[in-house]
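One-letter residues, chain by chain:
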Amino acid sequence: MAAPTPFARQLHPDFLRDADSSVAVSANERDLLDLVRRLGTTTRADLVRATGLTAQSVMRLVDELVDRGMLELGETRSQGRGKPAAAVTLVPGYAHAIGVSITTDSIALALMDFAGNVLGQHQEPMRATGRAALLRRIRTLAERLLRKSEVDEDSVFGVGLGLTGFFVGDGSKVNPPDPLEGLALLEVDALLADAMGHPVWLDNDGSVAAIGESLHGVGHRYRDFAYFYFGHGFGGGLIMDGRCARGAHGNAGEFAGMLPALGLERAALETLRAMLVKDGVALADIQALVEHYDPRWPAIERWIERVAPGLSVIASAVVAIVDPQAVVLGGRIPTDLAQRLMPRIAIDNVSRRGRARPQPSIVLAEAPFDAVALGAASLPFKECFFH
């Protein structure tokens, strides 16, 4: 998985594989842990069949991961006529991660344990003025989440950050929309790491939301999908075989990039907000639009008319290039608006001999809470322990 060059992350020694290592787990251990994560509860015999490793190798790997506190052996499970086998599961309290989402007008945090359980979450409008104040606020909110969930900060493995914008090809520097000028073209992951006292993994909000959806939403049914992220602007992410495809510069999923040359409009919620303001509806930002959404607003149909052609081109291109099982409408778009937009997305599909290509399902996002914060919380674990 290609990624922007991060700043040097120093993992806490307690999480390193051994004193001479700079990684948390080996490649085989990662494969095994990811299988246990996806299966939820399994057995060593199941892992032998799934990995193709010898029974002796799996036994050794499981025992070592049990000794390190990542896996635990539970109640035995019946395996037909053979002897009952001990259940293998992840240890939720082995480590924790904090996910942070920064949009143009709000911040959200989620606290996740090693097994993927969400222990706490918080969202609020962007009140901080200035970069330093924003970083202090995130630190304060993280401390509150840890206290409320009774989680020791020593168990925090790292922090994931989802930030609106695109990577510019210079390390981890992101170019966000104008409202986030104070974070533009800076290594925000390094700044947040200094403020939090933990290593930070950064990605753009579209990719991170797609990861959150793959773990906590439609990803339970679809291993391949395109995620359309509606926010201040419009972007998204691609999940292929359960993994986020990021591209050479970390910008895979910047779907709106193809529209200007075609003279088509991107499906930005900021455009809808501006149309509503012109109609006399006082909405200060996207959060206000989401909170006060009224399906009777006349501007909604006008906005759909404007953006449906561009969405149809994007969906057609994505289907032609990567052939996903589903196109997911998510991000900050209100449910009613997404439902009204779905039938207006036309995917090009010329039949031949009376047969057309299989079409993806167009579905609503299902991840609870903030998909960016959830996906961000999973980033440290996916980068170091899972796939």
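Keep in mind that this is a model prediction, so the values were computed, not measured.

Undergrad: I'm lost on the sheet that holds strand β15 (residues 361-364) in this one. Help?
TA: Hydrogen bonding along the main chain pairs the strands of a sheet, whether they run parallel or antiparallel. Ordered in space as β13-β12-β11-β14-β15, the five strands form an open sheet in which the pairing is mixed. Each edge of the open sheet carries a strand with a single partner, namely β13 (243-245) and β15. Averaged over all neighbouring strand pairs, the angle between strand axes comes to 30°, with direction disregarded. Here six bridges tie strand β11 (residues 225-230) to strand β12 (residues 234-240), and the two strands are oriented antiparallel to one another. Looking at β12, one finds that Y227 is bridged to G237.

Undergrad: Sorry if this is basic, but what is going on with the pattern of salt bridges here?
TA: Taken as a whole and judged by the stated rule, the model has 24 salt bridges. Among the ionic pairs, D170 bridges to K173, the shortest N-O distance being 3.1 Å. For D170, a relative accessible area of 42% translates into the label partly exposed. For K173, a relative accessible area of 25% translates into the label partly exposed. Three or more residues are tied together by salt bridges with common partners; here these are E301, E305, D336, R340 and R344.

Undergrad: Got a minute to help me understand the nonpolar core in this structure?
TA: Soluble globular proteins tend to pack their nonpolar side chains together in the buried interior. Ranked by size, the top nonpolar core spans 53 residues in total, and within it L32, L33, L71, F114, F157 and F385 carry the most contacts. Secondary-structure elements contributing two or more residues to this core are α1 (27-39), α3 (55-67), β3 (85-90), β5 (106-113), α6 (205-216), β11, β14 (326-331) and α11 (371-384). With eight residues, α11 is the single largest residue contributor to this core. Leaving out residues up to four positions away in the same chain, F385 has contacts with A24, V25, R30, L33, M70, Y94, F114 and F157.

Undergrad: I keep staring at unusual backbone geometry and nothing clicks. Help me out?
TA: Leaving glycine aside, a negative phi is the common case for residues, and trans is the common case for peptide bonds. For E150, which is not a glycine, the phi torsion comes out positive at approximately 55°. Within the secondary structure layout, E150 lies in the loop between α4 (131-148) and β7 (156-163). Residues other than glycine seldom take positive phi values, yet R353 does so here, at roughly 55°. Looking at the secondary structure, you find R353 in the loop between α10 (335-341) and β15.

Undergrad: I would appreciate a short explanation of α11 in the present structure.
TA: Every α-helical turn comprises 3.6 residues, leaving residues that sit three or four positions apart pointing alike. With 14 residues, α11 extends 21 Å from end C-alpha to end C-alpha; this agrees with the ideal 20 Å at 1.5 Å per step. Its maximal kink placed at S378, α11 deviates by approximately 35°, while the proline P380 follows within four residues. Most of α11 is tucked away: 13 of the 14 residues are buried. Two to three positions downstream of the cap, the backbone nitrogen of V372 sits 2.9 Å from a side-chain oxygen, assigning the N-cap of α11 to D370.

Undergrad: Just checking my understanding: could you explain the confidence of the model for the protein for this structure?
TA: The predicted coordinates ought not to be read in detail in places where the model reports low pLDDT. The pLDDT averaged across the protein works out to 92; a share of 96% of its residues lies at or above 70. Low confidence marks residues 1-8, where pLDDT is under 50. Its contacts with residues over four positions away, or in another chain, come to 20 contacts.

Undergrad: Whenever I open this one, a nonpolar patch on the surface confuses me. Can you help?
TA: On the surface, F166, V168 and L185 cluster together to form a nonpolar patch covering roughly 240 Å² of accessible area. With respect to the helices, strands and loops of the structure, L185 is situated in the loop between β9 (174-175) and α5 (188-196). Under the relative-accessibility criterion, L185 is labelled partly exposed at 44%.

Undergrad: Explain the environment of V151 to me, please; I cannot follow it from the model alone.
TA: In this fold, V151 is placed in the loop between α4 and β7. Accessibility expressed as a relative area gives 11% for V151, which makes it buried. With 50 residues separating them along the chain, V151 and W201 place their C-alpha atoms 21 Å apart.

Undergrad: In this structure, what is going on with the sheet that holds β7? I would like to understand it.
TA: Spatially, the five strands line up as an open sheet ordered β6-β5-β4-β7-β10, and their pairing is mixed. At either margin of the open sheet sits one strand with a lone partner, and together these are β6 (118-125) and β10 (200-204). Going from strand to strand, the sheet's axes swing by 15° on average, the running direction of each strand aside. As judged from the seven bridges shared by strand β4 (residues 96-102) and β5, these two strands associate in the antiparallel manner. Bridging from a neighbouring strand, H96 pairs with D113 of β5. Strand contacts of α6: β5, β6, β7 and β10, with the helix running at about 100° to β10, the strand carrying the most contacts.

Undergrad: Help me out: how do you make sense of the packing of aromatic side chains in this one?
TA: One pass over the full model with this rule turns up 16 aromatic pairs. Relative to F234, the ring of F228 has its centre 5.5 Å away and its plane inclined at 80°; by these criteria the two rings are edge-to-face. By the burial criterion, F228 is buried, and F234 matches it. Through a chain of ring-to-ring contacts, three or more aromatic side chains come together here, namely F15, Y94, F114, F157, W201, F381, F385 and F386. Directly above the ring of F386 sits R37, whose terminal nitrogen or CZ lies 5.7 Å from the centroid.

Reading the values: the criteria
Residues numbered from 1 in each chain as written. Predicted model: local features only at pLDDT ≥ 70, side-chain atom pairs only at ≥ 80, totals over all residues. Heavy atoms only, no water. Pairing = 2+ DSSP bridges. Helix = DSSP H or I, 4+ residues; strand = E, 2+ residues; numbered from the N terminus. Axes fitted to C-alpha atoms, helices over the stretch in contact; angles between N-to-C directions. Salt bridge = Lys/Arg side-chain N within 4 Å of Asp/Glu carboxyl O. Buried < 20%, exposed > 50% of the residue type's maximum accessible area, 1.4 Å probe, protein only. Core = buried A, V, L, I, M, F, W, Y, C linked by side-chain atoms within 4.5 Å. Contact = heavy atoms within 4.5 Å. Expected span 1.5 Å × (residues − 1). Bend = angle between axes of the 7 residues up to and from the residue. Polar contact = N/O pair within 3.5 Å; in protein donor to acceptor, adjacent residues only side chain to side chain. pLDDT = per-residue confidence, 0-100. Patch = residues over 30% accessible without salt bridge, like charges linked within 9 Å, V, L, I, M, F, W, Y side chains within 5 Å. Areas by Shrake-Rupley, 256 points an atom, 1.4 Å probe, with all protein chains shown as cover. Phe/Tyr/Trp six-rings, centres within 6.5 Å; stacked < 30°, edge-to-face > 60°. Lys NZ or Arg CZ within 6 Å of the ring centre and 35° of its normal.

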